[in-house]
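Chain and residue survey
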Amino acid sequence: SLIIDDIQDGSKVRRGGPTCHEAHGLSVAINAGTAAYFHAINVIEVLTPGLSAEVRLEIYQLYFVAMRAGHCGQGLDIQGLSHLMPKAIEAGDSCNELELAVLRTHRLKSGVPAGCLARMGAVLGGATTDQKREISRYFE
């Protein structure tokens, strides 16, 4: 949830307006941000009432892969990259390790969730296993 991300990053503005925690306080924002994680399951239930148990399970599994990846990426983002900077400075460039850490963080925070959402669409559209894999790779 971007609400939680804004709290953790100390952001004051989101898309030109005050962040949720700035507008409504930290407690309300934490509760709203956490509730957003679970609200998605309700949306899936309402929008897809006729899904088979097998398809529903695949959608849920993808949702939780996206959630875990996003949280891991956020953890890496919070950790920051300062521990890699001395080596990059010593090498005189961004060094491979630093570049890989940036890519890993953003892949987990954004790429994997986007790939999972695309794959959910493919699942709902009746795609083959190969099609689901490829659309997930493309968006990741």
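Sequence positions are assigned chain by chain, starting from 1 and proceeding in written order. Thresholds applied to this predicted model are a pLDDT of at least 70 for local features of residues and 80 or more for the giving and counting of side-chain atom pairs; totals over whole chains, interfaces and linings are not thresholded and use all residues. The basis for every side-chain value is the complete set of heavy atoms in the structure, and neither hydrogens nor water enter the calculation.

This next bit is on the state of the cysteines. Any pair of cysteine sulfurs within 2.5 Å is marked as a disulfide. All chains considered together, the criterion is met by zero disulfides. Here Cys-72 stays unpaired: no disulfide links it, and the sulfur of Cys-116, its closest cysteine neighbor, is 12 Å away.

By nonpolar core we mean a set of buried residues, namely Ala, Val, Leu, Ile, Met, Phe, Trp, Tyr and Cys, connected to one another through side-chain atoms within 4.5 Å. Working definition: with a 1.4 Å probe on protein chains only, accessible area under 20% of the residue-type maximum means buried, over 50% means exposed, and in between means partly exposed. Ranked by size, the top nonpolar core spans 15 residues in total, and within it Tyr-37, Ile-59, Leu-62, Tyr-63, Cys-116 and Met-120 carry the most contacts. Put simply, the parts of the chain that give this core at least two residues each are α3 (26-47), α4 (53-79) and α6 (96-124). The element contributing the most residues to this core is α4, with seven residues. Two residues form a contact once any of their heavy atoms are found within 4.5 Å. Beyond its immediate chain neighbours, meaning those up to four positions away, Leu-62 contacts Cys-116, Arg-119, Met-120 and Val-123. Within the second largest apolar cluster, five residues are counted, among which are Leu-84, Ala-88, Cys-95 and Ala-101. Numbering of helices and strands runs from the N terminus; a helix is a DSSP stretch of H or I covering at least four residues, while a strand is a stretch of E covering at least two.

Note on placement: Arg-56 falls in helix α4. Apart from the residues lying within four places of it in its own chain, the contact partners of Arg-56 are Ile-44, Glu-45, Thr-48, Pro-49 and Leu-51.

With that settled, the discussion passes to the environment of Met-85. Assignment of secondary structure puts Met-85 in helix α5 (residues 85-91). Along the backbone, Met-85 and Ile-3 are 82 residues apart, and their C-alpha atoms lie at a distance of 29 Å.

It is worth spelling out a nonpolar patch on the surface at this point. On the surface, a nonpolar cluster with roughly 300 Å² of combined accessible area is contributed by Val-43, Val-46 and Leu-47. Following the sequence through the fold, Val-46 ends up in helix α3. Within the patch definition used here, like charges are joined within 9 Å and nonpolar side chains (Val, Leu, Ile, Met, Phe, Trp, Tyr) within 5 Å, considering only residues with over 30% relative accessible area and no salt bridge. What sets the accessible areas is the Shrake-Rupley method with a 1.4 Å probe; for residues, cover comes only from the shown protein chains. When a carboxyl oxygen of Asp or Glu is within 4 Å of a side-chain nitrogen of Lys or Arg, the pair counts as a salt bridge.

Turning our attention to the packing of aromatic side chains. Any two aromatic rings considered together are summarised by their centre-to-centre distance and by the angle between their planes. Between 30 and 60 degrees the pair is tilted, below 30 it is stacked and above 60 it is edge-to-face, where a pair is any two Phe, Tyr or Trp rings, Trp via its six-membered ring, whose centres lie within 6.5 Å. Enumeration over the complete set of coordinates arrives at two aromatic pairs. On the basis of an interplanar angle of 75° and a centroid distance of 5.2 Å, the ring pair of Tyr-63 and Phe-64 is categorised as edge-to-face. Judged by relative accessible area, which is 39%, Phe-64 ranks as partly exposed. A ring pair is formed by Tyr-138 and Phe-139, whose centres lie 5.2 Å apart and whose planes are at 85°; its orientation type is edge-to-face. Since its relative accessible area comes to 69%, Tyr-138 is described here as exposed.

Our focus in this paragraph is the pattern of salt bridges. Per the stated rule, a full pass over the model turns up 12 salt bridges. In this structure, Glu-45 engages Arg-56 in a salt bridge whose closest nitrogen and oxygen atoms are separated by 3.5 Å. A residue pair is termed long-range when its members are at least 10 positions apart, and Glu-45 in helix α3 and Arg-56 in helix α4 qualify at 11 residues. By relative accessible area, Glu-45 is classed as partly exposed at 35%.

Attention shifts here to unusual backbone geometry. Note: most peptide bonds trans; most residues except glycine with negative phi. Phi is positive for Arg-15, close to 50°, though the residue is something other than glycine. For Arg-15, a relative accessible area of 75% gives the class exposed.

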